[in-house]
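In case you want the letters, here they are:
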Amino acid sequence: MWGQATIEFLIDDFLKYIGGISVTALVMGAIFLILKTSTNSIITSSFNKNLESHKAELTKMINAETEQKKSELAKVNDKFRNELNAEIEKLKHEQQRAFKDFELYTSKKHERYPEVYKSIEIAYGAILSLHGKYRDLSFENVNKDDVKAYLEMEGVTKKDMQEIMDLWVDGEPNADAVMRINSVRRRIKINSAYESWSDANDTLIFNELYLSESVSEQARKVLNKLWEYLDLEEIYGRSYEEILGGSNVRDEMKQEKEKLKKVMKSELSQVVSL
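Computed from a prediction, not measured in an experiment: that's the story for all the values here.

S.K.: Provide a residue-level description of the overall build of the protein chain, including the pertinent values.
M.R.: Within the protein chain one finds 7 helices and 0 strands. Counted from the first residue to the last, the protein chain has its helices and strands arranged as α-α-α-α-α-α-α. Counting only residues that meet the buried cut, the protein chain has 25% of its 274 residues in that class. Sequence-distant contacts in the protein chain: of pairs separated by 6 or more residues, those separated by 24 or more amount to 72%. Total accessible area computed for the protein chain in this model is approximately 19700 Å², and 58% of it derives from carbon and sulfur atoms.

Following this line, the structure appears as structure tokens:
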């Protein structure tokens, strides 16, 4: 068996061994810790540097992209603004032209309405003058030269004038010559009435572009009535009233003409109010 001295030696040696190992472990642990801390510091520093670099590059890229988009947007805005301005100018031009056309239309309307009405009024007067109070001339106290001057003033044809001159004898009653004169005068008045109606009809047709439907229709009604009245006078040599037994056609024509005047005045007053 081992003695006491031997056991103490072994224990003491073992403790020294363990102590050596512990010191070595401690030293190695410290070195490891230092290395680890240093490495982490290096890695962290490198990572931070790389992160800042990436952040700077990313910021640069974002700023560049932003500026590019701003530039593109500005170009788009400029293009849109130019197109918008062009459209606005186009609309202004069209509006100005529309205003001018409207002004021209209203101006023409104010010119043409009175023109149409005046022509119808003249035709109305010429046709109605064929009836009513009508007095033949007696041609008393005139001589052949006076009669010739009168016939020339009235626009009598040379043929009719020659026939009347052949019938006229100064100092005589000249009943046949006077009858012939009044017959020619009647024919001239009828022809004049036809011409007045024709002028009114042409005036209406030429100006219908500036007339409303209601004015155009009413004007046509008046002219149709006047033509019917005139045509009976031409065919039968009698007035409408005589043919129809005292009808009130003259009053009806006057009423239609007054309707036309009323419609025209109403429309012209509306244009002025605009």
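Read on for the rest.
S.K.: Before we move on, can you summarise the pattern of salt bridges with the specific residues and values?
M.R.: Evaluation of the coordinates by the stated rule reveals 9 salt bridges. With a shortest N-O distance of 3.2 Å, K257 and E121 are connected by a salt bridge. Of this pair, K257 sits in helix α7 (residues 249-273) while E121 sits in helix α1 (residues 4-128), placing them 136 residues apart in sequence. Given a relative accessible area of 5%, K257 falls into the buried group. Sharing partners across several salt bridges, the network here consists of E121, K257, E258 and K261.

S.K.: How would you explain the packing of helix α2 (residues 144-154) against helix α4 (residues 175-207) if you had to name every residue and give the values?
M.R.: α4 packs onto α2 with a crossing angle of 15° between their chain directions and a minimal axis gap of 11 Å. Relative to α4, the element α2 lies roughly parallel. When you trace α2 past α4, the crossing you get is left-handed. Note on element contacts: α4 touches α2 through I181, R185 and I188, opposite V147, Y150, L151 and E154. For the contact of α2 with α4, the class distribution of residues is 5 nonpolar, no polar and 2 charged.

S.K.: Give me the lowdown on the nonpolar core, citing residues and values where you can.
M.R.: I120, I127, L223, L226, M253, L260 and M264 are the most contacted members of the largest nonpolar core, which has 29 residues in total. Breaking this core down by element, the ones donating at least two residues are α1, α4, α5 (213-236) and α7. Sorting elements by how many residues they give to this core places α1 first, with 9 residues. If we ignore the near neighbours within four places in the chain, the residues touching L223 are I120, W197, A200, N201 and L204. Formed by 13 residues, the second largest nonpolar core is a distinct cluster that contains Y150, M161, V178 and V184.

S.K.: Please set out unusual backbone geometry residue by residue, giving values where relevant.
M.R.: Phi is positive for N141, close to 60°, though the residue is something other than glycine. Considering the arrangement of structural elements, one finds N141 in the loop between α1 and α2. One non-glycine residue, N174, lies in positive phi territory at about 55°. You can see N174 is positioned in the loop between α3 (158-167) and α4.

S.K.: Give me the environment of K259: which residues, what numbers.
M.R.: Tracing the sequence through the fold places K259 in helix α7. Linking K259 and V215, residues 44 residues apart in sequence, is a C-alpha distance of 9.4 Å.

S.K.: Can you tell me about the packing of aromatic side chains, naming the residues and giving the values?
M.R.: Evaluation of the coordinates by the stated rule reveals 3 aromatic pairs. An angle of 75° between the planes, with centres 5.4 Å apart, marks the rings of F139 and Y150 as edge-to-face. Of this pair, F139 sits in the loop between α1 and α2 while Y150 sits in helix α2, and the two are 11 residues apart along the sequence. For Y150, a relative accessible area of 16% corresponds to the buried category. Above the plane of the ring of Y124 lies K257, whose end atom (NZ or CZ) is 4.7 Å from the centre.

S.K.: Describe α2, naming the residues involved and giving the relevant values.
M.R.: For α2, every residue scored as buried is listed here: V147, Y150 and L151. Looking down the long axis of α2, one finds its buried residues gathered within 100° of arc, a one-sided arrangement. Turned more than 90 degrees away from the buried face of α2 sit D145 and M153, all of them exposed. Of the surrounding elements, those touching the buried residues of α2 are α3 and α4. Put simply, N143 is the residue that caps the front of α2, since its side-chain oxygen is 3.1 Å from the backbone nitrogen of D145. Trailing α2 by a residue or two, G155 shows a phi angle of about 80°, which is positive.

Cut-off values and rules
Residues numbered from 1 in each chain as written. Predicted model: local features only at pLDDT ≥ 70, side-chain atom pairs only at ≥ 80, totals over all residues. Heavy atoms only, no water. Helix = DSSP H or I, 4+ residues; strand = E, 2+ residues; numbered from the N terminus. Buried < 20%, exposed > 50% of the residue type's maximum accessible area, 1.4 Å probe, protein only. Contact = heavy atoms within 4.5 Å. Areas by Shrake-Rupley, 256 points an atom, 1.4 Å probe, with all protein chains shown as cover. Salt bridge = Lys/Arg side-chain N within 4 Å of Asp/Glu carboxyl O. Axes fitted to C-alpha atoms, helices over the stretch in contact; angles between N-to-C directions. Parallel < 35°, antiparallel > 145°, perpendicular 65-115°, else oblique. Left-handed = near helix turned anticlockwise from the far one by under 90°. Nonpolar A, V, L, I, M, F, W, Y, C, P; charged D, E, K, R; others polar. Core = buried A, V, L, I, M, F, W, Y, C linked by side-chain atoms within 4.5 Å. Phe/Tyr/Trp six-rings, centres within 6.5 Å; stacked < 30°, edge-to-face > 60°. Lys NZ or Arg CZ within 6 Å of the ring centre and 35° of its normal. Arc of directions from axis to C-beta. Polar contact = N/O pair within 3.5 Å; in protein donor to acceptor, adjacent residues only side chain to side chain.

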